[in-house]
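Listed below are the residues making up each chain.
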Amino acid sequence: MENRKFSRLQRIVVKVGSSSLTYKTGKLNIGQIEALVRQLSDLHNQGLDVLLVTSGAVGAGMGKLGIKQRPRTMPEKQAAAAVGQGLLLHMYEKIFAEYGLVVGQVLLTREDFADRKRFLNARNTLHTMLSMQIIPVINENDTVAVDEIKLGDNDNLAAMVAALVDADILMLLSDIDGLYSDKPGQPGARIIHEIHEINNEVEALAGGVGSAVGTGGMATKIQAARIAMHSGLVTIIARAAEPNIIRRLVAGEPAGTVFWPSIKLVNKKRWIAFSATVCGQIYIDEGAARALREKGKSLLPSGITGVEGSFEMGNTVSVIAPDGKEIARGIVNYASAEIQQIMGKQTSEITRVLGYKDYDEIIHRDNLALE
Ligand SMILES: Nc1ncnc2c1ncn2[C@@H]1O[C@H](COP(=O)(O)OP(=O)(O)O)[C@@H](O)[C@H]1O
Ligand SMILES: N[C@@H](CCC(=O)OP(=O)(O)O)C(=O)O
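The residue count restarts for each chain, going from 1 along the sequence in the order it is written. Chain letters and ligand numbers both follow the written order, the letters beginning at A and the numbers at 1. Predicted model: local features are reported for residues with pLDDT of at least 70 only, side-chain atom pairs are reported and counted for 80 or more only, and whole-chain, interface and lining totals are derived from all residues.

### Here we look at the sheet that holds strand β7 (residues 234-239)
The strand order across the open sheet built from 8 strands is β3-β4-β2-β1-β5-β7-β8-β6, with neighbouring strands paired in mixed fashion. The sheet is open, and its two borders are formed by β3 (102-108) and β6 (194-195), each paired with just one other strand. For two strands to be treated as a pair, DSSP must find at least two bridges joining them. Each helix is a run of DSSP H or I of at least 4 residues and each strand a run of E of at least 2, with the numbering of both proceeding from the N terminus. Pairing geometry for strand β5 (residues 169-174) and β7, over 6 bridges, is parallel. Note on β7: the bridge partner recorded for L173 is A238.

The structure is reproduced here in C-alpha cells:
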C-alpha cells in the first residue's frame, strides 16, 4: 500500500487508552509509557506541536489500591482516579524530563467545552502551553466529574481537544491495531484500512464496550473520528505497542485505520456542532428545512412548527426536520417561551406578539451548523 499523504502535519494529538498503559496486574506499563514518550519527544524536537491525551488514571489507581474489578460506583472510581492521576503524571513528568521536556497537566470536563467562555479559555491555555514548548498531558477531571458533566471516555475528549487546538491529526492508540470488519478474533474479521464516511455500516462495527479496563471500545473511537472528520482533521486508530508507531504514522506509513476528514467547519460552527450542550429542540417545516440546507438561510419564525425544552436566548438547540432527523444545531436569539408565541408567524409580526423585536431571525445562519 502507498504511503499516506497528509496536507499539513504540524500539530498532533495522541490519545493512549488504559489498556495500553496498564498491565493486567493493574500496574503501569512503564515500557509502553517510555516508548510513547520517547517518540513524542522526538517529534517535539522536530518542531511538531504535540499534545498527549492519556487515560489510565482509574486503572493505575486500582493497581495501587489493589482493587481487582473496575469500581462500579462513581465515588470509588473518583477515588481510584485521584490516586492514579498522580501516579500517571509523575511517570510522564519523569520520563519527558529525561528528554529535557516539560509537561503540564490539563484536566478537563464536559463543561469546559459546553460553555463558550470556558471553551475559549481552555483553548488559550493550550495554545499558550504549546507556544511555551510545554507538552500538555490531558485527561478528564475524573475526581470532580459526576455523570452530568462527564464526557465519560477519552476518545471523545481527545477529538474535542484536537478540534479545540486546530490539530492536523488525531491518533487513537489502543490495544488493537485498528477497526475490524467484525469482532476481532471472529473468523474472517479483517482490519479496515481507510474510511471516508461514517455510515450505519461503520457504526455497526463497534461491538459494545472494549477491554476490561477501557471505556467504550470502538464505539467511542468512531464517535471521536466523526468529530474529527467534521473538524477537518485526520484520525488514525492504531496499536500503541507497535514499535515506533507514532513516528511511522507521522511518516505516512499505512498502518492502522485512517478516517479522512470532510470539509472544515469554521471554529464557532464546530463548537456549536460538537461541543455546546443542546438545551432543546426546534421543529421546522419542509420549506424551512430546504431554505437552511440548500440555500444557507437563517431560521425565521415562520418555518417553525414546534419547540421542546426550556432554553434561554444564547443557548444551543437542535433543529429537527419534518422527517424527525436533526439537520442542524444553532444558537437561538429568543428563549423557548418567546418562540412558542412567535412560531409560524411572519417576522413583521414579532413586535406585535412580543411587544418588542430584538432580531428577525430565530437562529442566524452564522450561528447555525448544518449536519
Ligand atoms: N470492530 C472492532 N474492531 C476492533 N476492535 C473492536 C471492535 N469491536 C470491539 N472492539 C474492541 O475494542 C477494544 C478497544 O477499546 P478499549 O478497550 O476501550 O481501548 P482503549 O482503552 O485503548 O480506549 C479492542 O480491544 C476490541 O476488543
Ligand atoms: N479518564 C479515565 C479514562 C476513561 C477512558 O476513556 O479510558 P480508555 O477507553 O481506556 O481510553 C481514566 O483516566 O481512567
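### A short note on the UniProt feature "domain: PUA" (unreviewed entry) in the protein chain
UniProt positions are given in the numbering used here, feature names are shortened, and annotations may be inferred rather than shown by experiment. Under the local residue numbering, the UniProt record ascribes the feature "domain: PUA" (unreviewed entry) to residues 280-363. From the first C-alpha to the last, residues 280-363 spans 13 Å; its make-up is 26% helix and 25% strand.

### Notes on the sheet that holds strand β9 (residues 278-284)
Strand order in the open sheet made by the 5 strands is β10-β9-β11-β12-β13, with mixed pairing throughout. Strands at the two margins of the open sheet, each flanked by one partner only, are β10 (304-308) and β13 (368-370). For this sheet the average axis-to-axis angle between neighbouring strands, irrespective of direction, equals 25°. Bridge count for β9 against strand β11 (residues 316-320) is 4 bridges, and the pairing is parallel. Considered in β11, the bridge of Y283 is made with I320. Any pair of residues counts as being in contact when their C-beta atoms, constructed from backbone geometry, are within 7 Å of one another. Convention adopted: a line fitted to C-alpha atoms gives each axis, helices being fitted over their contacting stretch, and angles between N-to-C directions are expressed from 0 to 180 degrees. Across the sheet, helix α11 (residues 267-274) is in contact with β11, β12 (326-331) and β13; its angle to β12 comes to roughly 115°. Each of β9, β12 and β13 touches helix α12 (residues 286-295); the most contacted strand, β12, lies at about 75° to it.

### Notes on the nonpolar core
Nonpolar cores are built from buried Ala, Val, Leu, Ile, Met, Phe, Trp, Tyr and Cys residues. These are joined into a set through C-beta atoms within 7 Å. Buried, partly exposed and exposed are defined by the number of other C-beta atoms within 10 Å of a residue's own C-beta, namely 20 or more, between the two limits, and 12 or fewer respectively, with C-beta atoms placed from the backbone. V13, A158, V161, A162, L170, M171 and A228 are the most contacted members of the largest nonpolar core, which totals 98 residues. Of all the elements, helix α7 (residues 154-164) adds the most residues to this core, at 8 residues. As annotated, the domain borders come from an automatic or database domain assignment. Two domains share this core, each providing at least three of its residues, namely domain 1 (11-266) and domain 2 (277-370). Residues contacting V161, with those up to four places away along its chain left out, are V13, L51, V53 and I138.

### Some details on the site of ligand 2
Nearness here has a simple definition: the residue's C-beta atom, placed using the backbone, must lie within 6 Å of the molecule or strand. Neighbouring residues of ligand 2: 17 residues in total, closest G17, S18, S55, A57 and V58. If you list the elements that add at least two residues to the shell around ligand 2, you get α1 (18-21), α3 (57-65) and β4 (134-140). A total of 3 residues in the shell around ligand 2 trace back to one element, the largest contributor, which is α3. Each residue is assigned to one of three groups, with Ala, Val, Leu, Ile, Met, Phe, Trp, Tyr, Cys and Pro labelled nonpolar, Asp, Glu, Lys and Arg labelled charged, and all others, Gly among them, labelled polar. Considering only residue class, the shell around ligand 2 consists of 3 nonpolar, 11 polar and 3 charged.

### A word on helix α4 (residues 74-98)
Two residues of an α-helix separated by three or four positions point the same way, owing to the 3.6 residues in each turn. The span one expects for a helix is its residue count, reduced by one, times 1.5 Å. Over its 25 residues, α4 extends 36 Å from the first C-alpha to the last, a length consistent with the 36 Å expected when each residue adds 1.5 Å. Listed as buried for α4 are A80, A81, G84, Q85, L88, M91, Y92, I95 and F96. The inward-facing, buried residues of α4 abut α2 (30-45), β2 (49-54), α3, β3 and β4. Looking one or two residues past α4, G100 carries a phi angle of roughly 80°, positive in sign.

### What about the confidence of the model for the protein chain?
Note: predicted coordinates in regions of low pLDDT should not be interpreted at a detailed level. Here the protein chain averages 90 in pLDDT, while 95% of its residues score no lower than 70. For this predicted complex, the interface score ipTM comes out at 0.96, alongside a pTM of 0.79. For every residue, the pLDDT score states the predictor's confidence, bounded by 0 at the bottom and 100 at the top.

### Describing the domain arrangement of the protein chain
Under the domain assignment used here, the protein chain contains domain 1 (11-266) and domain 2 (277-370). Computed over C-alpha atoms, the centres of domain 1 and domain 2 are 36 Å apart.

### Considering the packing of α2 against α4
Across the interface, α2 lies against α4 with an axial gap of 10 Å and an inter-helix angle of 50°. Regarding the angle of α2 to α4, the classification is oblique. Between α2 and α4 lies a crossing whose hand is right-handed. Across the interface between the two elements, I33, E34, V37 and S41 from α2 touch M91, Y92, I95 and F96 from α4. Of the residues contributing to the contact of α2 with α4, the split by class is 6 nonpolar, 1 polar and 1 charged. Should an angle lie under 35 degrees it is considered roughly parallel, over 145 roughly antiparallel, and from 65 to 115 roughly perpendicular; all remaining angles are considered oblique. Left-handed describes a crossing whose near helix is turned anticlockwise from the far helix by less than a right angle; the clockwise case is right-handed.

### Observations concerning the UniProt feature "binding site: substrate" (unreviewed entry) in the protein chain
Using the residue numbers shown here, the UniProt feature "binding site: substrate" (unreviewed entry) corresponds to S55, D142 and N154. Taking the farthest pair of C-alpha atoms as the criterion, the annotated set spanning 100 residues converges on one region, since that pair is 10.8 Å apart. Mapped onto the elements, D142 comes out in the loop between β4 and α7. Given 22 C-beta atoms within 10 Å, D142 falls into the buried group. Locating N154 in the fold gives a position in helix α7. Apart from the residues lying within four places of it in its own chain, the contact partners of N154 are K15, V53, S55, N139 and E140.

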